[in-house]
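Residue-level structural notes
Spelled out, the chains give:
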Amino acid sequence: QVQLVESGGGLVQAGGSLRLSCALSGLTLGSNGMGWFRQAPGKERVFVAAINWNIGSTYYADSVKGRFTISRDNAKNTVYLQMNSLKPEDTAVYYCAARYGGYATLAGLYNYWGQGTQVTVSS
């Protein structure tokens, strides 16, 4: 059974930092991709960042480029999202996802999802 478990969300002031973690079990990541998405109240789930597991190449949404960093720990089967210089508009539920094949920016291309973790940035 494939499971993705996110952690690390919380409340932070604007300009602050948080690091999200996503632990993956039940799936061996080889040439697969993992991504982070977020969904604000009343809005669609949107792409944030993604990583190709085997070669470590990354891709970011323009809105987070230069502020967020996605990385992975092969030994722990965990992907991270380091979020710096947070803004109130970053407030959302953040989801990690895994897919067979390389990384993708479309949510519909991902096969497995975590339960989400809330990130709230106060002004």
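The structure contained in this document is the topic of the report that follows. Fair warning: this is a prediction, and the values are worked out from it, not measured in the lab. (Residues numbered from 1 in each chain as written. Predicted model: local features only at pLDDT ≥ 70, side-chain atom pairs only at ≥ 80, totals over all residues. Heavy atoms only, no water.)

**A short note on the sheet that holds strand E8 (residues 78–83)**
Defined as follows: Strands were regarded as paired on the criterion that DSSP finds at least two bridges between them. Each helix corresponds to a stretch of at least 4 residues labelled H or I by DSSP, and each strand to a stretch of at least 2 residues labelled E; elements are numbered beginning at the N terminus. Orientation is described by lines fitted to C-alpha atoms, with helices fitted over the stretch in contact, and by angles between N-to-C directions that extend from 0 to 180 degrees.
Read across the open sheet, the 4 strands follow the order E1-E3-E8-E7; overall the sheet is antiparallel. Each edge of the open sheet carries a strand with a single partner, namely strand E1 (3–7) and strand E7 (68–73). Each strand of the sheet is rotated relative to its neighbour by a mean of 15 degrees, with strand direction disregarded. In terms of strand pairing, E7 meets E8 through 6 bridges, oriented antiparallel. Paired with Ser71 across the two strands is Tyr80, which belongs to E8.

**Considering unusual backbone geometry**
The phi torsion of most residues other than glycine is negative, and most of the peptide bonds are trans. In plain terms, the rule: Think of it in three bands: residues with accessible area under 20% of the maximum for their type are buried, residues over 50% are exposed, and the middle band is partly exposed, with areas taken using a 1.4 Å probe on protein chains only.
Look at Asn77: it is not a glycine, yet its phi comes out positive at around 50 degrees. Here Asn77 shows up in the loop between E7 and E8. Look at Ser85: it is not a glycine, yet its phi comes out positive at around 50 degrees. For Ser85, a relative accessible area of 41% translates into the label partly exposed.

**Some points on the nonpolar core**
Definition in use: Here, nonpolar core means buried Ala, Val, Leu, Ile, Met, Phe, Trp, Tyr and Cys residues that are tied together by side-chain atoms lying within 4.5 Å of each other.
Core analysis: the biggest nonpolar cluster contains 34 residues, and Met34, Trp36, Leu81, Met83 and Tyr94 have the highest contact counts within it. Put simply, the parts of the chain that give this core at least two residues each are strand E3 (18–25), strand E4 (33–39), strand E5 (45–52), E7, E8, strand E9 (92–99) and strand E11 (117–122).

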